[in-house]
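Report on the structure
Read off the chains here:
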Amino acid sequence: MAEIIVVTSGKGGVGKTTTSASLACGLARRGHKVAVIDFDVGLRNLDLIMGCERRVVYDFVNVVSGEASLKQALIKDKRFDNLFVLAASQTRDKDALTMEGVEKVLKELSDDGFDYIVCDSPAGIEKGAYLAMYFSDQAVVVVNPEVSSVRDSDRILGLLSSKTKKAEAGERVKEHLLLTRYSPKRVETGEMLSVGDVEEILGLKTIGVIPESPDVLNASNKGEPVILDTESPASQAYDDAVARLLGDTRPMRFTTVEKKGFFSKMFGG
């Protein structure tokens, strides 16, 4: 059975698609067979970040509506033979996805031997977001360390605990917190919530802290998930998050201000 992971948030623009792409690549790099699905019907972005936008012929809605088979719509990643992308439709509205259609696609992927299915959810609580989370086994809740993002994510946690298939069966979706655009300097000056603040408000354990970095935007513009830029702190932070998702223990990096050494102070390094 495939493990279904939804990447979700209450607020838009927090880095869900970047996170979905990086988690999918990180899992594939470790040898797992992975599918990553864009649930944001009408606002397709996952294929851009994965660098396969020109290869989209059929999309998620085509498969759900029976206009194409899943094999026709899945795009094989050029970097990993065991990673596949299912793009969203840009021309349909959000009601084009159905519960039955989504369940059929997820079951077919599971039957085809996929280990992980990463669902890139739209922001908020509309239909696409609800369908992305409904069948999930695990949820990665992406949050910027600011009050509005944290408050909106609290609403998502309420839905995960009450409106999913697992909740209906009296079980829980395993929830993880992932902080993006984190700046220890701004935390020190009180402009930003700390990791501990966000964990306390949401009652979740942090799986990853992604530092504020221009590398994320640069990677997106190149169609390369940032996790593949191994020199980047953001890449290293995402790799740590994937390791923790798989049960490994790693120290949490990028959460404190780097103190300058004696020679750095002397010579302005």
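Bear in mind that the values here come from a model prediction, so they are computed numbers and not experimental data. Each chain carries its own residue numbering, running from 1 in the written order of its sequence. Given that this is a predicted model, residues contribute local features only at a pLDDT of at least 70 and side-chain atom pairs are listed and counted only at 80 or more, while totals for whole chains, interfaces and linings are drawn from all residues. Hydrogens are left out, water is left out, and the side-chain values use all remaining heavy atoms of the structure.

Put simply, the largest pocket is a space of about 470 Å³. A cavity, in this analysis, means grid points on a 1 Å lattice covering only the protein atoms where a 1.4 Å probe fits yet has no way out; a pocket is instead an open set bounded by protein on both sides within 12 Å along at least five of seven lines, and a residue lines either one if it has an atom within 4 Å of a point. Lining the largest pocket are 24 residues, with Gly13, Val14, Gly15, Lys16 and Thr18 sitting closest to its centre. Segments assigned H or I by DSSP are reported as helices when at least four residues long, segments assigned E as strands when at least two residues long, and all are numbered from the N terminus. Looking at the lining of the largest pocket, the elements with two or more residues in it are α1 (16-29), β7 (174-182), β8 (206-211) and α11 (214-222). Note on residue categories: nonpolar means Ala, Val, Leu, Ile, Met, Phe, Trp, Tyr, Cys or Pro, charged means Asp, Glu, Lys or Arg, and polar means any other residue, Gly included. Here the residues of the lining of the largest pocket are counted per class, giving 10 nonpolar, eight polar and six charged. Grid points are joined across faces, edges and corners, and a volume is the space filled by probe spheres set on the points. By volume, the second largest pocket amounts to about 360 Å³. Counting only elements with at least two residues in the lining of the second largest pocket, the list comes to α5 (99-111) and α8 (165-168). When residues of the lining of the second largest pocket are assigned to their parent elements, the largest contribution, five residues, is made by α5. Split into classes, the residues belonging to the lining of the second largest pocket amount to seven nonpolar, two polar and seven charged.

Here we take up the packing of aromatic side chains. Note on aromatic contacts: the rings of Phe and Tyr and the six-membered ring of Trp form a pair at centre separations within 6.5 Å, being stacked when their planes are under 30 degrees apart, edge-to-face when over 60 apart, and tilted otherwise. As enumerated under the stated definition, the model contains four aromatic pairs in all. Aromatic side chains Phe39 and Phe60 sit 5.0 Å apart centroid to centroid with 80° between the ring planes, which places their arrangement in the edge-to-face category. Residue Phe39 is found in the loop between β2 (34-38) and α2 (46-49), and its partner Phe60 is found in helix α3 (residues 60-64); the two are separated by 21 residues along the sequence. Per residue, the accessibility class of Phe39 equals that of Phe60, and both read buried. Here Tyr134 and Phe135 contribute two aromatic rings whose centre-to-centre distance is 4.8 Å and whose plane-to-plane angle is 90°, an arrangement assigned as edge-to-face. Here Tyr134 and Phe135 have matching classes, each one buried. Pairwise contacts between aromatic rings join Tyr130, Tyr134 and Phe135 into one cluster. Each residue is placed in one exposure class: buried if its accessible area under a 1.4 Å probe, protein chains only, is under 20% of its type's maximum, exposed if it is over 50%, and partly exposed if it falls in between.

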